[in-house]
Amino acid sequence: MAVIHHTTLKPTKLELLTDWLPTRPWYRGGPDAPVLTKSGGFRLEDPEGEVGMEFMVATDTSTPEPTAYLAVLSYRGAPLEGAEHALVGTMEHGVLGERWVYDGCHDPVLVGELLSLIEGKAQAHAQSIDGALDSEVVRSYIGAPFGLDGFTPEPADDQDGTRLRTPHGTVLHLHRVLTPVPDNPPQRPEGAIGHVARGWQDPQGAGLSAVFVTLRTP
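Just so you know, these numbers come straight off a predicted model, no measurement behind them.

Procedures and definitions
Residues numbered from 1 in each chain as written. Predicted model: local features only at pLDDT ≥ 70, side-chain atom pairs only at ≥ 80, totals over all residues. Heavy atoms only, no water. Helix = DSSP H or I, 4+ residues; strand = E, 2+ residues; numbered from the N terminus. Rg over C-alpha atoms; globule rule 2.2 N^0.38 Å. Buried < 20%, exposed > 50% of the residue type's maximum accessible area, 1.4 Å probe, protein only. Contact = heavy atoms within 4.5 Å. Areas by Shrake-Rupley, 256 points an atom, 1.4 Å probe, with all protein chains shown as cover. Pairing = 2+ DSSP bridges. Polar contact = N/O pair within 3.5 Å; in protein donor to acceptor, adjacent residues only side chain to side chain. Arc of directions from axis to C-beta.

Just to check I follow, could you spell out the overall build of the protein chain for this structure?
Along the backbone of the protein chain there are two helices and 12 strands. Reading the helices (α) and strands (β) of the protein chain from amino to carboxyl end gives β-α-β-β-β-β-β-α-β-β-β-β-β-β. In terms of overall size, the protein chain behaves like a compact globule, its C-alpha atoms giving a radius of gyration of 16 Å where 218 residues would be expected to give roughly 17 Å. Referenced to the eigenvectors of the C-alpha coordinate spread, the extents of the protein chain come out at roughly 45 × 40 × 30 Å. For the protein chain, the residues scored as buried account for 49% of the 218 residues in total. The long-range share in the protein chain, meaning contacts at least 24 apart out of those at least 6 apart in sequence, stands at 59%. Accessible surface, the protein chain: about 10,600 Å² in total, of which carbon and sulfur atoms supply 49%.

Written out as structure tokens, the structure reads:
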């Protein structure tokens, strides 16, 4: 079980994201730097206990209409070989020392655990509570079992988010700009064979929910 250390981070996660988000093709903000707040999310756990994994909802309030982004982050104690292009930044952790923060869609450990979550073999964990599962995360899957041996993710970003092919030919779509839906919990979208969804809070404290990830056949 991963241990959540309530300690200092320099720079903070939101400070790293403030610089990184505007470089993404799915970023919807203007010329000014985003003003971010952490609005919700969940974690996944590495069976080997080495990689931290977080699905964070970061809300930008710098524009007239706040925008909720899905930041998918992996945290490592050493650089991930071949992933220099996916580095969000480094930070100094008050307990663990220097940490390398990556766009988790490029991290094979995170993508593997996300597919395990969709398939129902892994569980979502609370963002800030040791050992607690996150009962608000919903998932579904109606496909064949995954085989992940030797899988290296090759994600691609566009204006609609991030997509990557899985080993058995399906396509994962991470919805980086979250669109609230009236259903609570959000149901699997039409035509999808799997999904992950959760709620979060807007800047005024109102509850919102959306599909974070969908899995489709090409």
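We are not done yet, so read on.
Explain the pairing of strand β6 (residues 97–103) here, please?
Residues in a regular strand point their side chains to alternate faces of the sheet. Counting buried residues in β6 gives six out of seven residues, a clear majority hidden from the surface. The sheet contact formed by strand β4 (residues 67–76) and β6 spans four bridges and is antiparallel. Looking at the pairing, arginine 76 lines up with tryptophan 100 of β6. The sheet contact formed by strand β5 (residues 87–93) and β6 spans six bridges and is antiparallel. Within β6, the residue paired with glutamate 92 across the bridge is glutamate 98.

What is the right way to read the side chain of threonine 170 from this model?
Position of threonine 170 among the secondary structure elements: in the loop between β9 (161–165) and β10 (171–174). Take threonine 170: its relative accessible area is 4%, and that puts it in the buried class. There is a polar contact of 2.6 Å between the side chain of threonine 170 and the side chain of threonine 166. Within the structure, the side chain of threonine 170 is placed 3.5 Å from the side chain of histidine 168, a separation counted as a polar contact. Sequence-distant contacts of threonine 170, that is, excluding residues within four places in its chain, are made with Phe146, Leu164, Arg165, Ile193, Leu215, Arg216, Thr217 and Pro218.

Whenever I open this one, helix α1 (residues 13–20) confuses me. Can you help?
Because an α-helix packs 3.6 residues into every turn, residues spaced three or four apart end up facing the same way. Of the positions making up α1, those classed as buried are Leu16, Leu17 and Trp20. Each buried residue of α1 sits inside an arc of 95 degrees when the element is viewed along its axis, so together they form one side. The secondary structure elements touched by the buried residues of α1 are β2 (36–45), β3 (52–60), β4, β5 and β6.

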